[in-house]
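Tertiary structure, described
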Amino acid sequence: GKVYEAILQFDPKGFKSSAIFAYGEALRVSPRDPSSLVALARVELQTGNSDEALIYLNESIKIKSDFTASHMMFAQVALAEGKLKEAISELEQAVIARPNNSENIYIILQIGILYYQDGEHEKAQNIFEKLVEMTPDYADARYALGLLYDKKGMASMATAQFEDLNKLIPEDNEIQKILNNLRAGYGVLGNDIAPPPPPEEPRKKSVKR
């Protein structure tokens, strides 16, 4: 099944039937293993049949409700359709279903990135900061947090994140360039930094006469 799936692009119609047959046989031999259903869903997605893919994914969840691969693919389908909130919900469900899963740190990072893309910057910041606190050498989390601080006009905090990143991976030229931009008073991409919002003035109470 994996061999046919790998060469699916060369003859989608011909190899798809072979891949589906192989994965179908795997499911017949081991009907309580959801991985074959996820593989079938993957084949359908590669050939543009998201509705069929969702049917397979729903069947896989019925077999094993905490199967991470199913939730990840549900999120993939939602993202392809531009449904960020649904994708976030699926990834959160994957973490809740298997709280001790070693893949959760990566999944949580993806949740934070999707919150960022959806404009939920406070939620994204909370996730990135917790990831950095829990795993100080998680470079991807620090990078995402630095970008978010930059987006919010928090120049000194963004610089601190990229300085720490520079210590973790000193050979990375991109991080060096970002640091140079930040130290020169510009944003990550060399653009002007957005100023922080001014503090709100306290509202005066109206006096009735």
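Residues numbered from 1 in each chain as written. Predicted model: local features only at pLDDT ≥ 70, side-chain atom pairs only at ≥ 80, totals over all residues. Heavy atoms only, no water.

**A few points about the overall build of the protein chain**
Heads up, the condition is: A run of H or I in DSSP becomes a helix once it reaches four residues, and a run of E becomes a strand once it reaches two; helices and strands are each numbered from the N terminus. C-alpha atoms define the radius of gyration in this analysis, and the globule rule sets the expected value at 2.2 Å times the number of residues to the power 0.38. Using a 1.4 Å probe on the protein chains alone, a residue whose accessible area is under 20% of its type maximum counts as buried, one over 50% counts as exposed, and one in between counts as partly exposed. In this description, contact between two residues means that some pair of their heavy atoms is separated by no more than 4.5 Å.
In terms of regular secondary structure, the protein chain is built from eleven helices and zero strands. The order of helices and strands in the protein chain, counted from the N terminus, is α-α-α-α-α-α-α-α-α-α-α. Its C-alpha radius of gyration of 23 Å places the protein chain more than 25% over the 17 Å reference for a compact globule of 209 residues. Dimensions of the protein chain, computed from C-alpha atoms along their principal axes, come out at roughly 75 × 60 × 35 Å. Within the protein chain, the proportion of its 209 residues that are buried is 33%. Here the analysis covers contacts within the protein chain between residues at least 6 apart in sequence; of these, 38% occur between residues at least 24 apart.

**Points about the nonpolar core**
Our working definition: The definition of a nonpolar core used throughout is a set of buried Ala, Val, Leu, Ile, Met, Phe, Trp, Tyr and Cys residues joined through side-chain atoms within 4.5 Å.
Judged by nonpolar contacts, the single largest core of 32 residues is most densely connected at Leu109, Ile111, Phe128 and Phe162. The set of elements that each furnish at least two residues to this core consists of helix H5 (68-80), helix H6 (84-97), helix H7 (104-117), helix H8 (121-134), helix H9 (139-151), helix H10 (155-168) and helix H11 (173-183). For this core, the element with the highest residue contribution is H6, accounting for six residues. If we skip the residues at most four places from it in the chain, Leu109 touches Phe128, Leu131, Tyr138, Asp140, Ala141 and Ala144.

**Remarks on the environment of Glu25**
Within the secondary structure layout, Glu25 lies in helix H2 (residues 12-29). Residues Glu25 and Asp137, 112 residues apart in the sequence, show an inter-C-alpha distance of 43 Å.

**Re the pattern of salt bridges**
The condition is simple: In the sections that follow, a salt bridge refers to a side-chain nitrogen of Lys or Arg positioned within 4 Å of a carboxyl oxygen of Asp or Glu.
Applying the stated criterion to the full structure yields ten salt bridges. Lys83 serves as the salt-bridge partner of Glu81, at 3.1 Å between the closest nitrogen and oxygen. Here Glu81 falls in the partly exposed class, since its relative accessible area comes to 40%. Judged by its relative accessible area of 35%, Lys83 falls in the partly exposed class. Among the ionic pairs, Lys152 bridges to Glu122, the shortest N-O distance being 2.7 Å. You can see Lys152 sitting in the loop between H9 and H10 and its partner Glu122 sitting in helix H8, a full 30 residues away along the chain. Residue Lys152 is classed as partly exposed on the basis of its relative accessible area of 22%.

**Examining the confidence of the model for the protein chain**
As a general rule, the predicted coordinates of low-pLDDT regions are not to be interpreted in detail. Keep this limit in mind: Known as pLDDT, the predictor's confidence for each residue is given on a scale from 0 to 100.
Taken over all residues, the pLDDT of the protein chain has a mean of 87, while the share at 70 or more is 91%. Highest mean pLDDT in the protein chain belongs to H8 (96); lowest belongs to helix H1 (residues 2-6) (85). Predicted confidence is poor over residues 192-209, with pLDDT under 50, and the contacts of this stretch with residues over four places away or in other chains come to eleven contacts.

**Looking at the packing of aromatic side chains**
To be explicit about the condition: Only Phe, Tyr and Trp rings take part, Trp by its six-membered ring, and two of them pair if their centres are within 6.5 Å. Stacked means planes under 30 degrees apart, edge-to-face means over 60, and tilted covers everything else.
Enumeration according to the criterion identifies two aromatic pairs in this entry. Ring geometry for Tyr143 versus Phe162: centroids 5.5 Å apart, planes at 80°, classification edge-to-face. On the criterion of sequence distance, the pair formed by Tyr143 in helix H9 and Phe162 in helix H10 is long-range, its members being 19 residues apart. Judged by relative accessible area, which is 0%, Phe162 ranks as buried.

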